[in-house]
Structure formats: C-alpha cells, structure tokens
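Chains, contacts and geometry: an overview
Chain residues, written in single-letter form:
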Amino acid sequence: MNTLVEQIFVDILATEMGLPADQVWIRNQNVKIPPDADKLFVVVGMVDSQVFSNTKQAMEVDDVYTEIQGLIARENIQIDLFSRDNQALMRRAEVLLALNSFYSVQQQEANDFKIFRIPTSFINSSSAEGSSEINRFSVVVPTHVWYRKEAVIQSDEFYDSFSTRVDDENT
C-alpha cells in the first residue's frame, strides 16, 4: 500500500456519506472548522500504530538488484464528527455503515488493508470544544495495514563477493 490509510478512510466516508471534499479531511492539516451552522465535518487521523513485522530482502528483479522492504502494522484510526447543529448526533451511525459497505470492502481489497471488527461505541467528545457549542463524536477503528517499498540497489552498495576467506583449518 502506497497510500496512507487515512486517505482511504477519507475517500470511503466522503463517498458513502455524500460529503464534499471540503467537509472531510485528514487531521493536522491546519484546517479550521468553518462557521457554517448547517454542515457536518469529518476528520480522520491515526492515533497510534503497533508494528508486527518490519522486513527487508534483496532480490533480482528484471536483472536488477532490488531491496524490498515491508511493514505490517495495526493502526488505530480516529474519526471525529463535528457540527454546530445536530448532524453529528444524527448521522454518527453513517460512519459505521460506511466502513462496512461494499465500497469500503472494495477499497480495502484494492489497497491491501483490512478494517478490523467495527467498534461498538462512540465517545461524545463535545466537551473538548469548550463553550463553542460544537457537537463532536469520536470513534477509533483498528486497521491492519501493509506498506511496501522497493528501491534499486546500486552495484557499489551491494556485496556479492568477498576477497577474504573466513574459516578455520578444519573447514
């Protein structure tokens, strides 16, 4: 997977919930919640990641030495819904429906990741907004991700022959 899982979540949620791109974004993009009183906003971001496997290997691909790196991890993705009216309250179930949709399954297969069991609860995190009177609900969704990177190994960076023997008299 060469795409961040957060980008795929943004696509799934925007598509399934019928939201335009300016209402769904990845967290920490310096986007302020617009003052629109009648819109729902969705923010997606990674909370933490637990690495299961981090591998590398050198292989010959089309007569070229190539380093293939792989990372398998569980990433917890937090989804926050915001609205100044009751849309966050009324539409929060649509998040879970979107993540369990056929479109979501197709995106998971196309991008080599898996959404684990859908969580069973939302957190009412409206108090984090203080007195701004914004409805806010949060849910954390665990995912299984696989990242892969390939790079050509330059011939002067790869040792395939040695001029010195390393053994003892008996071998």
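Note: the structure precedes this text.
So, here is what we can say about the structure in this document.

1. Quick word on the overall build of the chain
In terms of helices and strands, the chain carries three helices and six strands. Overall, the chain shows an N-to-C arrangement of helices and strands of α-β-β-β-α-α-β-β-β. Here the chain holds 171 residues, and the buried ones make up 35% of them. Across the chain, contacts joining residues at least 24 apart in sequence account for 68% of those joining residues at least 6 apart. Carbon and sulfur atoms make up 49% of the accessible area of the chain, which amounts to about 10,900 Å² in all.

2. Considering the pairing of strand 3 (residues 64-83)
Direction of pairing for strand 2 (residues 40-61) relative to strand 3: antiparallel, over a ladder of 20 bridges. Across the sheet, the residue bridging to N54 is L71, located in strand 3. From the end of strand 2 to the start of strand 3, which pair antiparallel, there are two residues, and D62 there has a positive phi angle of about 55 degrees. Where strand 3 lies against strand 6 (residues 135-152), 18 bridges are found, and the strand directions are antiparallel. What sits directly across from D80, in strand 6, is S138.

3. A word on the packing of helix 1 (residues 5-17) against helix 3 (residues 102-110)
Between helix 1 and helix 3, the least distance of the axes is 10 Å, while the angle of their chain directions is 160 degrees. In terms of their interaxial angle, helix 1 and helix 3 are classed as roughly antiparallel. Once helix 1 is placed against helix 3, the crossing between them reads as right-handed. Contacts from I8, D11, I12, T15 and E16 of helix 1 reach helix 3 at Y103, S104 and Q107. Class assignment of the residues belonging to the contact of helix 1 with helix 3 gives a composition of three nonpolar, three polar and two charged.

4. Observations regarding helix 3
Listing the buried residues of helix 3 in full gives S104, Q107 and Q108. Mapping the buried residues of helix 3 onto a view down its axis gives an arc of 100 degrees, with all of them on the same face. Facing away from the buried surface of helix 3 by more than 90 degrees, the exposed residues are F102, E109 and A110. Those residues of helix 3 that are buried are in contact with helix 1, helix 2 (87-99) and strand 4 (113-115).

Reading guide: rules and limits
- Residues numbered from 1 in each chain as written.
- Predicted model: local features only at pLDDT ≥ 70, side-chain atom pairs only at ≥ 80, totals over all residues.
- Heavy atoms only, no water.
- Helix = DSSP H or I, 4+ residues; strand = E, 2+ residues; numbered from the N terminus.
- Buried < 20%, exposed > 50% of the residue type's maximum accessible area, 1.4 Å probe, protein only.
- Contact = heavy atoms within 4.5 Å.
- Areas by Shrake-Rupley, 256 points an atom, 1.4 Å probe, with all protein chains shown as cover.
- Pairing = 2+ DSSP bridges.
- Axes fitted to C-alpha atoms, helices over the stretch in contact; angles between N-to-C directions.
- Parallel < 35°, antiparallel > 145°, perpendicular 65-115°, else oblique.
- Left-handed = near helix turned anticlockwise from the far one by under 90°.
- Nonpolar A, V, L, I, M, F, W, Y, C, P; charged D, E, K, R; others polar.
- Arc of directions from axis to C-beta.

In short, shape yes, function no, at least from these values alone.
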